[in-house]
Amino acid sequence: MLRSIKSAQRKLRSLHFKCSADGTALSGLDSKKVSLTDTGTGVKTIELGSNGFASADYIVQVTVSTADSVAQISITDANTFVINTFDAGDGTTAKDAECHVSVIGSDIKDRY
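To start, this report covers the structure provided alongside it. (Residues numbered from 1 in each chain as written. Predicted model: local features only at pLDDT ≥ 70, side-chain atom pairs only at ≥ 80, totals over all residues. Heavy atoms only, no water.)

Notes on the packing of aromatic side chains
Consideration 1: If you walk through the whole model with that rule in mind, you get two aromatic pairs.
Consideration 2: Seen in terms of ring centroids, F53 and Y58 are 5.3 Å apart; in terms of plane orientation they differ by 35°. Their pairing is tilted. We note that F53, like Y58, is buried.
Consideration 3: Each ring, one from Y58 and one from F81, has its centre 6.3 Å from the other, and the planes form 65°; the classification is edge-to-face. Of this pair, Y58 sits in the loop between strand 4 (43–47) and strand 5 (59–64) while F81 is found in strand 7 (residues 80–87), placing the two residues 23 residues apart along the sequence. Accessibility classification places Y58 together with F81 in one group, the buried group.
Consideration 4: Grouping aromatic residues by their ring pairs yields a cluster made of F53, Y58 and F81. (Phe/Tyr/Trp six-rings, centres within 6.5 Å; stacked < 30°, edge-to-face > 60°. Buried < 20%, exposed > 50% of the residue type's maximum accessible area, 1.4 Å probe, protein only. Helix = DSSP H or I, 4+ residues; strand = E, 2+ residues; numbered from the N terminus.)

Structure follows, in C-alpha cells:
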C-alpha cells in the first residue's frame with residue numbers, strides 16, 4: 001500500500017537507497033526500483049527508469065558515508081541524475097564514496 005506524503009504539492013513520491021563506493025551495488029528500501037552505473041572514479045549515474053518523475057525539478061539529497069568525502073548532484077532529466085564525489089580536502093579530486101540517497105518528486109507537472 002502506498003502512503004502519501006503531506007505537502008501542498010500533489011502526487012509526491014520518494015525513493016531511498018544506498019550506493020556502494022565503487023558504484024557497482026545498490027541496497028536499501030528502493031534499491032530494486034533504480035539502476036546504478038559507475039561512469040568513472042567518483043561518478044555514479046542513477047537511472048530512475050519507470051520510477052522517474054513528471055519533470056526534472058525533483059530533489060536529490062545525498063549523505064556521503066565515506067570519510068573525508070563530499071558530493072555534488074547533477075539532474076540530467078526526469079529519469080536520470082549523476083552523483084559526483086570528491087575528496088573533501090581539496091573538493092576537486094574525484095574519490096569513490098558510499099552514498100545514502102533520498103529523492104523526492106512529483107508524478108504530475110502541475111505546481112502550486
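The structure having been displayed, the exposition proceeds.
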